[in-house]
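Examining the three-dimensional arrangement
This is what each chain is made of:
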Amino acid sequence: MSVLVYIDSINGVAKNAQEAVFYGSKIAAEHGMETIVVTAGNSDNDTLSALGQYGAKKVIAHNNIELDSQQLTKLVTDVAKENNSSVVIFSQDLTGKAVAPRVAIRLEAGFVSGAIALPSNDFTVKVNAFSGKAYCNMKINSATRVISVSPNSLQPEAGEGTAEVQAESCDLGASRIIVKNKVEQTGEIALPEAELVVSAGRGLKGPENWGIVEDLAKALGAATACSRPVGDAGWRPHHEHVGQTGVAIRPNLYIAAGISGAIQHLAGVNQSKVIVVINTDPEAPFFKAADYGIVGDAFEVLPRLTAAVKAANL
Amino acid sequence: MKILVCISKSPDTTSKIGFTDNNTKFDVAGIQYIINPYDEWYALVKGIELKEANGGSVTTITVGTAADEPTIRKALAIGADEAVRIDAEATDAYFVAMQISEYAKDKAFDLILLGKETISYNGAQVGGMVAELLDTPYVSLASKLELNGTTASITREAKGGDELVEGNLPLVISAAKGMAEQRIPNMRGIMAARSKPLNVVAAVAVDALTSTVNFEMPAPKSGVKMIDPNNMDELVALLHNEEKVI
Ligand SMILES: Cc1cc2nc3c(=O)[nH]c(=O)nc-3n(C[C@H](O)[C@H](O)[C@H](O)COP(=O)(O)OP(=O)(O)OC[C@H]3O[C@@H](n4cnc5c(N)ncnc54)[C@H](O)[C@@H]3O)c2cc1C
């Protein structure tokens with residue numbers, strides 16, 4: 001029996017992929033199983049072998065960056081069957097959202113998505129519920145189990161070890177979804193998985209003022225986000241919009257400048273570990289959800305904070 | 001063009017959440033239900049737009065009890081032609097996906113649309129499961145969809161930005177922001193919805209594979225600590241030394 005973890009390995013192994021491997025190996029250790037990673041991407045053997053640090057014993061690598069969700073489903077389910085995997089782990093990232101539900105059906109496995117903690121011994125898994133206002137503990141009752149892990153839910157600890165890398169080139173059939181213009185993955189930090197996020201709202205008055213937001217984000221190595229009216233007005237790209245109708249995130253640090261803190265906004269960010277709010281209005285509702293509050297003008301406070309971050313030389 | 005749109009309900013975000021029976025059941029008292037916004041604003045309205053442009057029909061499908069009918073009527077008021085309610089409590093995503101695929105499997109829908117996730121659990125499970133059960137390609141997190149005959153051009157979220165993909169119908173597509181604009185039902189739509197068909201179909205026997213053990217409330221925030229706007233060094237020190245997040 002084994003725990004199988006699927007991760008992407010396109011241009012390297014992202015932090016949320018390391019988290020998924022670490023999560024899988026914790027379960028494997030608890031149940032006396034081995035951790036096997038199956039991956040599609042283009043990363044070299046050394047990069048993949050280093051997943052041994054997070055508990056992977058073996059990495060089965062398919063060298064392809066253009067597999068669609070049905071091809072990936074075949075890859076994962078074939079490897080799961082060959083290795084007698086009773087638990088399959090994904091990161092709840094874009095690939096996980098597309099592939100994990102299919103894999104669950106094909107393996108007749110119960111599936112819990114968006115786990116925010118390790119499961120208990122009987123596979124009860126904690127997830128967010130009701131727009132982050134509560135947690136739900138869900139038990140998987142089937143013999144084979146699929147779990148996708150919410151990014152930033154646990155801190156992977158690197159230990160010793162290297163994994164054996166095995167190339168896999170089985171026929172996965174033809175792709176039925178053709179990518180017409182592939183976006184190059186840039187060095188920019190993807191918002192859904194970011195650990196640090198700097199966000200701003202209508203208080204910034206206009207798109208021309210986002211330089212001070214980006215400066216702070218750059219100094220911290222953070223991703224940028226915005227409130228819905230800012231996305232709707234086209235001041236920022238729509239994928240930066242967080243909240244009930246945008247992206248739900250759970251970074252370690254969420255800095256919000258010029259955002260009032262409406263409940264629909266909070267729904268997407270209230271799982272952040274530390275929230276810092278900068279607002280001119282001391283009565284802004286966001287202060288009630290904040291850990292640190294600054295009553296002040298974002299146009300003055302943001303550059304000051306950027307300077308302080310730079311000066312601290314962290 | 002036959003379009004099926006999956007509609008589920010969610011408690012309105014402004015609802016106060018509570019539990020009963022020793023935190024094992026969601027307390028529905030005083031909860032205002034809405035159509036899950038991703039299903040309504042993006043999937044349903046897109047389905048209606050495609051019908052308006054290409055002809056055909058929009059059917060909505062909901063797995064739920066009679067208590068869900070007000071939200072189903074709202075979908076009809078927005079412009080769906082007919083609604084199907086699979087008469088059962090939606091126990092888990094697997095159960096729901098099994099019911100939807102069972103209904104859809106011999107009806108030759110060209111497109112099955114649904115929201116990218118519900119706002120209550122953010123699970124993002126049903127679309128992929130239905131696609132797998134029907135052996136159909138699935139494009140998730142789509143923000144744009146154009147049809148050219150039986151070929152669909154879809155813009156979807158990818159790591160690092162949006163990408164354009166193509167596939168042939170039939171397809172299952174999950175809709176995110178950008179797909180369409182919210183439509184507010186008008187009086188005529190609301191009147192028309194009363195006489196549109198809402199077919200109640202018996203559920204097939206399926207055992208859910210997961211169960212809810214209980215709910216928990218997050219620990220209350222210990223209260224906000226105010227920082228002098230002139231002292232950002234203090235904030236940086238707190239975030240670094242106390243919180244250890246930077
Ligand atoms: C069904 C529904 C879904 C929604 N979904 C979302 C969602 O997903 N995400 C979302 O964000 N919203 C959502 N909203 C909208 C939400 O209710 C709020 O309207 C929105 O979040 C407000 O955005 P804002 O805080 O940027 O703007 P405002 O509410 O206008 O707040 C601006 C804030 O900036 C402050 N300010 C002004 N000048 C300065 C300055 N110089 N320095 C510092 N502070 C300043 C003001 O005091 C104020 O608090 C939704 C609404 C509905 C009804």
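Described in the following lines is the structure provided in the data block. (Residues numbered from 1 in each chain as written. Chains lettered and ligands numbered in written order. Predicted model: local features only at pLDDT ≥ 70, side-chain atom pairs only at ≥ 80, totals over all residues. Heavy atoms only, no water.)

Some thoughts on the overall build of chain B
Along chain B, the regular secondary structure elements total 6 helices and 15 strands. Across its three principal axes, chain B shows a C-alpha extent of roughly 65 × 45 × 40 Å. Buried positions account for 51% of the 246 residues belonging to chain B. Sequence separation of at least 24 residues holds for 69% of the intrachain contacts in chain B that already meet a minimum separation of 6. With an accessible surface of roughly 10700 Å², chain B has 49% of that area assigned to carbon and sulfur atoms. If the 23 positive side-chain charges of chain B are averaged to one point and the 33 negative ones to another, these points end up 5 Å apart. (Helix = DSSP H or I, 4+ residues; strand = E, 2+ residues; numbered from the N terminus. Buried < 20%, exposed > 50% of the residue type's maximum accessible area, 1.4 Å probe, protein only. Contact = heavy atoms within 4.5 Å. Areas by Shrake-Rupley, 256 points an atom, 1.4 Å probe, with all protein chains shown as cover. Lys, Arg positive; Asp, Glu negative; His and termini not counted. Charge placed at Lys NZ, Arg CZ, Asp CG, Glu CD.)

Comments concerning the overall build of chain A
When you go through chain A residue by residue, the secondary structure sums to 8 helices and 15 strands. Taking 314 residues into account, the globule formula puts the C-alpha radius of gyration at 20 Å, and chain A, at 21 Å, falls close to it. Counting across all 314 residues of chain A, residues that qualify as buried make up 62%. Relative to all contacts within chain A whose residues are 6 or more apart in sequence, the contacts with residues 24 or more apart total 66%. With the model as given, the accessible surface of chain A reaches about 11800 Å², and the carbon-plus-sulfur share is 47%. With 26 positive and 32 negative side-chain charges, chain A shows a spacing of 6 Å between the two charge centroids. (Rg over C-alpha atoms; globule rule 2.2 N^0.38 Å.)

What about the packing of helix α1 (residues 37-54) of chain B against helix α2 (residues 69-78) of chain B?
Residue and element names in this part refer to chain B. In the contact formed by α1 and α2, the axes pass within 10 Å of each other and the chain directions differ by 45 degrees. For the element pair α1 / α2, the angle class is oblique. Considering the relative orientation of α1 and α2, their crossing is right-handed. Taking contact as the criterion, the partners of Glu40, Leu44, Val45 and Ile48 in α1 are, on α2, Lys74, Ala75 and Ile78. Broken down by class, the residue content of the contact of α1 with α2 amounts to 5 nonpolar, no polar and 2 charged. (Axes fitted to C-alpha atoms, helices over the stretch in contact; angles between N-to-C directions. Parallel < 35°, antiparallel > 145°, perpendicular 65-115°, else oblique. Left-handed = near helix turned anticlockwise from the far one by under 90°. Nonpolar A, V, L, I, M, F, W, Y, C, P; charged D, E, K, R; others polar.)

As for helix α4 (residues 126-133) of chain B
Helical periodicity: at 3.6 residues per turn, an α-helix aligns residues three or four positions apart in one direction. Across the 8 residues of α4 of chain B, 7 count as buried, placing the element largely inside the fold. Taken from the residues just after α4 of chain B, Asp135 of chain B is the one with a positive phi, measuring 50 degrees.

Let's talk about the site of the ligand
Residues and elements named next belong to chain A. Around the ligand sit 27 residues, and of these Ser227, Ser260, Gln264, His265 and Asn279 come closest. One nitrogen or oxygen atom from the main chain of Gly258 is found 3.1 Å from an oxygen atom belonging to the ligand. One of the backbone N or O atoms of Ser260 is found 2.7 Å from an oxygen atom in the ligand. In the complex, 77% of the free accessible area of the ligand, which totals 980 Å², lies under the protein chains. Tallied by class, residues from the shell around the ligand come to 7 nonpolar, 15 polar and 5 charged. (Near = heavy atom within 4 Å. Polar contact = N/O pair within 3.5 Å; in protein donor to acceptor, adjacent residues only side chain to side chain.)

Quick notes on the nonpolar core
With 51 residues, the main nonpolar core has Val88, Phe90 and Val146 of chain A together with Ile100 of chain B as its most contacted residues. In terms of residue count, the dominant contributor to this core is helix α3 (residues 93-104) of chain B (8 residues). The contact partners of Val88 of chain A, leaving out residues within four places of it in the chain, are Leu4, Val76, Ala80, Val103, Leu107, Arg145, Val146 and Ile147 of chain A. Val37, Ala56, Ile140 and Ile147 of chain A belong to the second-largest nonpolar core, a separate cluster that totals 41 residues. (Core = buried A, V, L, I, M, F, W, Y, C linked by side-chain atoms within 4.5 Å.)

Observations regarding the pattern of salt bridges
Overall, the coordinates contain 28 salt bridges over all chains when judged by the stated rule. Residue Glu195 of chain A is joined to Lys15 of chain A by a salt bridge in which the shortest nitrogen-to-oxygen separation is 3.0 Å. Of this pair, Glu195 of chain A sits in the loop between β10 (177-181) and β11 (196-200) while Lys15 of chain A is found in helix α1 (residues 15-31), placing the two residues 180 residues apart along the sequence. When the shortest N-O distance is used, the salt bridge between Lys46 of chain B and Glu49 of chain B registers 3.8 Å. Placement of the pair is Lys46 of chain B and Glu49 of chain B together in helix α1, with a separation of 3 residues, close to one helical turn. Taken together, the shared-partner salt bridges in this structure form one network comprising Asp8 and Asp93 of chain A together with Lys159 of chain B. (Salt bridge = Lys/Arg side-chain N within 4 Å of Asp/Glu carboxyl O.)

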